Amino acid sequence: MTTSAPKDVAAQLLMEQALGHLHTAALRSAAELRIADHLGAGPRTPEELAGTIGADATVLRRVLRLLASRGIFREDEAGAFHVTPAARMLRTDEPGSLRTAVLMMTDGMFVRAATELTETVRTGEPGFPRVHGRTLWEHLETDPAARALFHSGMAAYSDPVNDAVAAAYPFPAKGTVVDVGGGRGGLLGSALRHHPGLTGVLLDQAAAVREPLLVGDPAVAGRWQAVAGDFLTSVPDGADVYVVKQVLPDWDDENAVRILGACRRAMAPGGRVLVVDAVLGPDNAPHPGKAVDVMMMTLGGGRHRDLAELDALFAAAGLRRTRVVPTGAPASVVEAEAGVSHSS
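Nothing here was measured: the structure is a model prediction, and the numbers come from that model.

> Mind showing me how you'd approach the overall build of the protein here?
For the protein, the helix and strand inventory stands at 16 helices and nine strands. On C-alpha atoms alone, the protein measures out to a radius of gyration of 22 Å, which is about the 20 Å that the 2.2 N^0.38 rule sets for 344 residues. Once the C-alpha set of the protein is aligned to its principal axes, its extents read approximately 65 × 55 × 45 Å. Within the protein, the proportion of its 344 residues that are buried is 44%. The long-range share in the protein, meaning contacts at least 24 apart out of those at least 6 apart in sequence, stands at 62%. As displayed, the protein has an accessible area near 17100 Å², and 56% of this comes from carbon and sulfur atoms. Computed over 33 positive and 40 negative side-chain charges, the separation of the two mean positions in the protein equals 1 Å.

> Any chance you could explain the pattern of salt bridges here in plain terms?
Proximity of charged atoms lets side chains of opposite charge pair with each other. As enumerated under the stated definition, the model contains 16 salt bridges in all. Arg70 is paired through a salt bridge with Glu16; the nearest N and O atoms lie 2.4 Å apart. Of the two residues, Arg70 sits in the loop between helix H5 (57–68) and strand E1 (74–75) while Glu16 sits in helix H1 (residues 5–18), which places them 54 residues apart along the sequence. Using a relative accessible area of 46% as the deciding quantity, one classes Arg70 as partly exposed. A relative accessible area of 35% places Glu16 in the partly exposed class.

So, how was this worked out
- Residues numbered from 1 in each chain as written.
- Predicted model: local features only at pLDDT ≥ 70, side-chain atom pairs only at ≥ 80, totals over all residues.
- Heavy atoms only, no water.
- Helix = DSSP H or I, 4+ residues; strand = E, 2+ residues; numbered from the N terminus.
- Rg over C-alpha atoms; globule rule 2.2 N^0.38 Å.
- Buried < 20%, exposed > 50% of the residue type's maximum accessible area, 1.4 Å probe, protein only.
- Contact = heavy atoms within 4.5 Å.
- Areas by Shrake-Rupley, 256 points an atom, 1.4 Å probe, with all protein chains shown as cover.
- Lys, Arg positive; Asp, Glu negative; His and termini not counted.
- Charge placed at Lys NZ, Arg CZ, Asp CG, Glu CD.
- Salt bridge = Lys/Arg side-chain N within 4 Å of Asp/Glu carboxyl O.

Following this line, the structure appears as structure tokens:
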């Protein structure tokens, strides 16, 4: 005799997924209202919190109750809410805080693009230009608030990877590292601090490199420079290592090859290109890169890739993969050296 249990479980799974946008909205509210900061001194009731942040206590409790059901905050028997390890990552003073990353990923500029996913599936075209009237990069160039949120959010999202990469990958004892599209230079700073014989170049658009994190860091003083440029066309010549961290997922295959090709043409003899990204596996196992992959297709047509897809990009750019170095973080270091060029 069959049972309805499997069907009930399937229905529950579907409804949970269908309501996922409300979990996201609740998380964003907690981040915007700095709930985790306000719980820093200890648990508080919604009434106590509401008086501090200027909120409706009844509504606030309902939002926190939803988050607590997902392990973000915890409600005790007295009705007070506590910070959990996940909620702690929303604190503004927590090392490795993800608050700005949460605010970026839940911002309307990203969420509205995702509402066009069905049309993206039909056409292969990103949803961002349809809802915003311009590409993501054009939007960031002309909207200072969006640009600031994007760069701070990307730094928060990617910073936890920096020390893991710098410690896991055997950078040369001496030489020059170029951080291609390195934003404010978080990875470059980690690499230079871990390897004091290295010098570095931070390459990105002028707005991104205006206030690098490396400024004022005595551990890297005099060993780096910031260069404004377009990595789709050229990168600084003669370096020993070119790091392309969490850049390729923003771009389609054609432009990804252009970025890698620019590194291939510029690197010194014996140089290496390091692609630092989440590398997708062939199975159905959960992986945060799979959700980010879908986000990329809605924003600008980019994608996360598996090793076979990365190998195809390398080959087209005149490179070949030599090894993959796990970091202990969601991202791996995929190393490539000069190979036979298949493109001009």
